[in-house]
Amino acid sequence: ERVVRRLGSTASIARLAVVDVDPAVVEHVSRALAAAPFPMLCLELDLRDPLPPSLRGAFDTVVTDPPYTVAGARLFLARAAEALDATGGDVFFSFGSRRPGVALLVQRAIAELGFTIVRVQRDFNEYVGAGVLGGTSSLYHLSAASELRRVVADRYDGPLYTADAPALTAV
């Protein structure tokens, strides 16, 4: 909702799909957007699993807020690439690591997957109780280049939610 308020309008949304691993989040969003003026789908989905066929290549814009590890960033960006319908699609990607080495690895992953960084808005998201992030994350506006790499075809079973999660080099 915050992205739409700051960067667009509800009139520009032709269709919205919301996916989350947490059933409580999916239920909350379903209730909150029940009267939305556009078609909407809320789906409980673990992004370690491939997107269902109905979501592959179906969108021109993806907004994602992955776990704040390099592996999480790569996986969620790979799923974003899977969801985009054509070259030039936009991804709004939140990432919050304050460690320069992690930020460098994430920016390399962005390029390796075939995205370019259009803009970075620091401290876009604010979190309660996220001391390791400094309470905020940056919003990266990414654009799909001519050759997106869809590097995660099947289920990903590696670690995502710890600072010790390795960088995904091959999945």
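Residues numbered from 1 in each chain as written. Predicted model: local features only at pLDDT ≥ 70, side-chain atom pairs only at ≥ 80, totals over all residues. Heavy atoms only, no water.

1. Some words on the overall build of the protein
Move 1: Summing up its helical and strand segments, the protein has four helices and six strands in all.
Move 2: In sequence order, the secondary structure elements of the protein are arranged as α-β-α-β-β-α-β-α-β-β.
Move 3: In the protein, the proportion of contacts linking residues at least 24 apart, taken out of those at least 6 apart, comes to 71%. (Helix = DSSP H or I, 4+ residues; strand = E, 2+ residues; numbered from the N terminus. Contact = heavy atoms within 4.5 Å.)

2. A short note on the packing of aromatic side chains
Move 1: For the structure on display, the rule yields three aromatic pairs.
Move 2: Site record: aromatic cluster; members linked through ring pairs are Tyr68, Phe93, Phe95 and Tyr140. (Phe/Tyr/Trp six-rings, centres within 6.5 Å; stacked < 30°, edge-to-face > 60°.)

3. Quick look at the pattern of salt bridges
Move 1: Evaluated as defined, the whole model comprises seven salt bridges.
Move 2: One salt bridge connects Arg48 with Asp46, and the closest N-O pair in it is separated by 2.8 Å.
Move 3: For Arg48, a relative accessible area of 23% translates into the label partly exposed.
Move 4: Look at Asp46 and you get buried, because its relative accessible area is 17%.
Move 5: We note a salt bridge from Arg155 to Asp49, for which the minimum N-O separation is 2.7 Å. With Arg155 in the segment after strand S6 (136-144) and Asp49 in the loop between strand S2 (40-44) and strand S3 (61-64), the pair connects residues that are 106 residues apart, well separated along the chain.
Move 6: For Arg155, a relative accessible area of 39% puts it in the partly exposed group.
Move 7: Judged by its relative accessible area of 26%, Asp49 is partly exposed.
Move 8: Overlapping salt bridges bring together Asp49, Arg155 and Asp157 as one network. (Salt bridge = Lys/Arg side-chain N within 4 Å of Asp/Glu carboxyl O. Buried < 20%, exposed > 50% of the residue type's maximum accessible area, 1.4 Å probe, protein only.)

4. Quick look at the nonpolar core
Move 1: Counting residues in hydrophobic clusters, the biggest one holds 30 residues, and the most contacted among them are Leu77, Val91, Phe93, Val106, Ile110, Phe115 and Leu142.
Move 2: Taken together, the elements giving at least two residues each to this core come down to helix H3 (70-83), strand S4 (90-95), helix H4 (100-112) and S6. (Core = buried A, V, L, I, M, F, W, Y, C linked by side-chain atoms within 4.5 Å.)

5. So, the pairing of S4
Move 1: Burial analysis of S4 places five of its six residues in the buried class, which makes it a mostly covered element.
Move 2: Direction of pairing for S3 relative to S4: parallel, over a ladder of four bridges. Residue pairing across strands places Val63 opposite Phe92, the latter belonging to S4.
Move 3: Of the strand pairs in this sheet, S4 and S6 are connected by six bridges, and their pairing is antiparallel. By the bridge assignment for S6, Phe92 is matched with His141. (Pairing = 2+ DSSP bridges.)

6. A closer look at H4
Move 1: Look at H4: 18 Å from first C-alpha to last across 13 residues, which is about the 18 Å you get at 1.5 Å a residue.
Move 2: Restricting attention to buried positions, one finds in H4 the residues Val102, Ala103, Val106, Ala109 and Ile110. For H4, the buried positions fall inside an angular range of 120 degrees around the axis, keeping them on one side. Facing away from the buried surface of H4 by more than 90 degrees, the exposed residues are Pro100 and Ala111.
Move 3: For H4, the secondary structure elements touched by its buried residues are H3, S4, strand S5 (115-126) and S6.
Move 4: Looking one or two residues past H4, Gly114 carries a phi angle of roughly 100 degrees, positive in sign. (Expected span 1.5 Å × (residues − 1). Arc of directions from axis to C-beta.)

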